[in-house]
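# Structural features, examined
Okay, here's what each chain looks like letter by letter:
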Amino acid sequence: MKMIMDEIRAEYVKELLKEGKRKGDRGFDSYREVSIKNNILKNAEGSCLASIGKSKVLAGVKIDLMEPFSDRPEEGVLMVNSELMPLAYYSYSAGPPTPESIELARVVDRGIRAANVLEMQGLKFGDKVLGVFVDFYVLDNDGNLTDTATLAVMNALSNLSIPEFNAELNAFEREKRNRKMEVKNRVTTSTFCKINGKILLDCDVEEENAGSGSLTIGVADGGFICSTQKSGSASFSKKEVMDCVDIAMKKHEELVRHIKIEG
Amino acid sequence: MEKKIVTPGELLFDFPKRLSGAYVENGKTYSSVVGVLSEGFFIPLRGRYAPFPGDLIVGVVMEERFSGYLVDVNAPFPGVLDSRDLRVEFRIGDLLVARVDSVDEVSNLVLVDPKKLLKGEVIEVGAVSVPRIIGRNNSMIDMVRNITKSEVFVGKNGRIFIKNGNAALAAEAVRKIADEAHTSGLTEKIKNFLEARTNEQSK
Amino acid sequence: MNKANKPELIIDGRRTDGRNLEDLRSVKIESGVLDNADGSAMVEWGNNKIIAGVYGPREVFPKHFSDPYKAVVNFRYVMCSFSSLEEHSRGGPNRRSIEISKMGKHVFENLILTEQFPNTAIDIDVEVLQSDGGTRVAAFTAASVALVDAGIPVKGFAGGVSVGKVDGRLAVDLNKIEDNYGESDVPVMFNSSNSEILLLQMDGLLTREEYERSIDLCYEASKKVNALQVDSIKKKME
C-alpha cells in the first residue's frame, strides 16, 4: 500500500519535471554526493559504508572454508546477499527476503560475477575451498540502492584481507590478516528511472515512487557492459536503452574514483 | 463482406475510437482482445463480462450480509442487492435475474429488481457471444425457443437460464452458437442443427 | 561448469544442434490447453516444455492487496522438481525463480490494460515442466498467449528470445549446453504492437557494439515468435 504522502510527493516530482526541472536543480544525468567509508568494522574481513545522497548501505564480507561445488572442485565460492533492514524504510519489515530484496542482491551480484572481480579459481585450502560471503545491509533508503550497494560491495571486496591459513589446524587464524585479495576488475552500476516518459539518473526515493520503472546498466573496466536489469512496468525503446548505456559508460569513469584501496 | 480475425495489438483504425476490446495509443485505435474486423466494425470474441447500467443479468447469491446480499454476476467483482428494497428473501446459492442499476469506477456494482429463478438449468458462455445468441431482433433466440419449446433467458453476463421443453437441446444449441459466434451463416446452421435433432428424436 | 572441459560449440559456423548462429530452435505454441483456467497455453521450445494458465480479473484476497486504480498482476514462475536433467530439485520457488517471477509481473503490468479493472487481481501461473535453456523468455511467451486466450485486454504480445555469446560469437536462443558455457546472456522481450522493450536483463562482458547487436538479434527473433503466438490464437478461431 502506498502512503498518501508518497503520492503527494510523487505529484510534486512530476510537476517539476513538466518544467524540465528536478529537485535541488540537479541535472537529469548527474549523481548526488557519493561518500565512502572503508574498513569501519574490525571483525569482518572487509567492510564499507557507502552513501549516495541520503541512501546508506553497509557491506560486510566474511571469509570461511566450505565444501566445493561438485562441478567446480577447485573454485572458491562468492555469495552476495542483501538485507532490507526494517529501520531503513517504513515499508520494510522483518521476515523472509522479499522479491525486491532478492532482486537487489542478484543484480549487484550479477555484474561482479560477470566481470570476474575476484579470481575464484584455485582458492583451495586442504579439501575445502574459500567462501567469500558478502552481505549488504540497507540502513537508510533514499533511492538508488543498486548503485549504492554496488559501490559498498566493490569497496568491501577491494579492501578484503584474507586471514592466514593454518594447515595443521585446518582452519584460519583470524587475527593474522596479511594478504589482500586481488581485485581483477572494477564494476559500477548506473540506474535510471523513467518518470512520465523522461529518464533520470540516480533517483531518490520520491522520484522512484513517481516513476514507473528503472534500468540498471553495469559497466566494467575496459569499456565493457557487464550487467543489465530493467525493472518495473515501464518499457524502454532501444534508443533509450543505448542512451542509458552511453551515459553509464561515462559515469563509470566518475564512479570508479570512489572505489578506493586503503592502506 | 470481408471478415478478418484480429489479435491484440493490431491496428484497427488510424483514428481514435473508444470501443470495447480496443485501446487508443498515439491517436490510433488498436485491438486489445481477439476479435473480428468486418465492414469497419470490431467485434470482440473473448473477454469477461463488463457490467453496464440497465443490463439484465443472471446471478447467484454468494453471501448474506446485514445490509443485503452479495451476488456473483460472472464479472471480476460481485454485485450488491440492498435488502431494504426487497420483498423476497434469498438463500445462498439461489439463482436470480436482476438489473444492473449502477456501476462505478472502483467496481461497486448495485443490482435492483431481483426475481428468483426456480428449477432450471444455467449454462455459462463468454459474454461477448451474447449478442449472437440473441440475434438480430431476437431472431436467433426466438428460433431456439420455438423449436425446443423451452423458456430461455439470456443474461447479458453470459449466463443463460433454460427450463421446460427440450432443455437439453436448447442448451446444446446455445453452446454451439457461442462456440461458432464468429462464423457466418450461423442462423441457418443452427436452424438445420435444431431441426435435424428434433426429427431424430421424434422418430 | 568446469570451463576447462568446454567442448567446441561452433564448428564451421554451425552449432551443436546444427543451427546457424541466428536460428531459433523449433517453437510450437498451442493455446487453450487447460479446462479450468480462464486462459492457457503450452509452449514447446526446443526441449523446453512450459505450461501457462491465467485466472482473472477476479476479486483480490486478502482485500488490502487490492489497488483502487488498477488490477494487481500476480506472476508465478516455477520449475517443476523433475524439470532439469540434473538431480531432483526441491521444486517451488527459489531465489532465481522469485526474481524471474518479479520480471514477469513487470512485463505483464505493462502489457495488460490494468486500469480497466480496479480492485481486481489477474493471476498468471507458469510451470516449467522440462527445461533446456532460455526458460524465462519461453515462459513469458506462453503467459502472453494464455492472457490473450483468457480474453484479458492487452496492448499486444510479449515475444522475444535470449542472445548469448558462444565461442566469442553472438548466437540466438542458446540451448542448455551453450548456456552453461555461454560468455554472456541477454534475454529481451518486445511488445509486438510498438517494439518497446518489456524485458531486458544481461550478464557477461560485452562491448557496446556487441550489446547493441544482441538487442537487434533479439528483435529479429521476436518477430518470428510473435507470428507463432498469433497463429496459435487464430487456430482456435477456425
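All of the points below concern the structure found in this document. It should be emphasised that the depicted structure is a prediction, and the values quoted were computed from it without experimental measurement.

What follows is about the interface of chain C and chain A. Chain C puts 29 residues into the contact, and the matching count from chain A is 39 residues. In this assembly, chain C packs against chain A so that about 3100 Å² is buried in total across both faces, 54% of it on carbon and sulfur atoms. Three residues stand out in chain C for area buried against chain A, namely Arg95(C), Leu205(C) and Arg208(C), and they jointly supply 21% of the buried area on that side. Between Asp216(C) and Lys238(A) there is a salt bridge, and its shortest N-O distance comes to 2.9 Å. At the boundary of chain C and chain A, one finds 22 residue pairs in polar contact (both at pLDDT 80 or more). When contributions to the side of chain C that touches chain A are tallied by element, the ones reaching two or more residues are helix H1 (95-111), strand S11 (197-206) and helix H4 (208-235) of chain C. No other element matches S11(C), which puts 10 residues into the side of chain C that touches chain A.

Okay, the arrangement of the chains next. Here two pairs of chains make contact, and the pair sharing the most contacts is chains A and C. One finds no contact between chain A and chain B; the C-alpha atoms of the two approach each other to within 14 Å at their closest.

The next point concerns the interface of chain C and chain B. With 28 residues of chain C at the contact, the number on the chain B side is 23 residues. Of all residues in chain C, the largest losses of buried area upon contact with chain B belong to Glu59(C), Lys234(C) and Met237(C), amounting jointly to 26% of the total for that side. Between the two partners, chain C and chain B, sit one salt bridge. A salt bridge links Asp149(C) to Arg46(B); its shortest N-O distance comes to 2.7 Å.

Take empty space enclosed by the protein next. Residues and elements named next belong to chain C. Tallying each qualifying case throughout the model produces one cavity of 30 Å³ or more. Forming the walls of the largest cavity are Phe-157, Gly-159, Phe-190, Asn-191, Ser-192, Ser-222, Lys-223 and Asn-226. The set of elements that each furnish at least two residues to the lining of the largest cavity consists of strand S10 (184-191) and H4. At three residues, the largest contribution of residues to the lining of the largest cavity is made by H4.

Residue and element names in this part refer to chain C. Note that Lys-165 resides in strand S8 (residues 158-166). By relative accessible area, Lys-165 is classed as buried at 11%. Only 3.0 Å separates the side chain of Lys-165 from the side chain of Glu-210, close enough to count as a polar contact. If near-sequence neighbours (up to four positions away) are discounted, Lys-165 is found in contact with Leu-170, Gly-182, Glu-183, Ser-184, Leu-205, Leu-206 and Glu-210.

Rules and cut-offs
Residues numbered from 1 in each chain as written. Chains lettered and ligands numbered in written order. Predicted model: local features only at pLDDT ≥ 70, side-chain atom pairs only at ≥ 80, totals over all residues. Heavy atoms only, no water. Contact = heavy atoms within 4.5 Å. Buried area = accessible area lost by both parts, 1.4 Å probe. Salt bridge = Lys/Arg side-chain N within 4 Å of Asp/Glu carboxyl O. Polar contact = N/O pair within 3.5 Å; in protein donor to acceptor, adjacent residues only side chain to side chain. Helix = DSSP H or I, 4+ residues; strand = E, 2+ residues; numbered from the N terminus. 1 Å grid on protein atoms, 1.4 Å probe; cavity = no way out; pocket = protein on both sides within 12 Å on 5 of 7 lines; lining within 4 Å. Points joined across faces, edges and corners; volume = space filled by probe spheres on them. Buried < 20%, exposed > 50% of the residue type's maximum accessible area, 1.4 Å probe, protein only.

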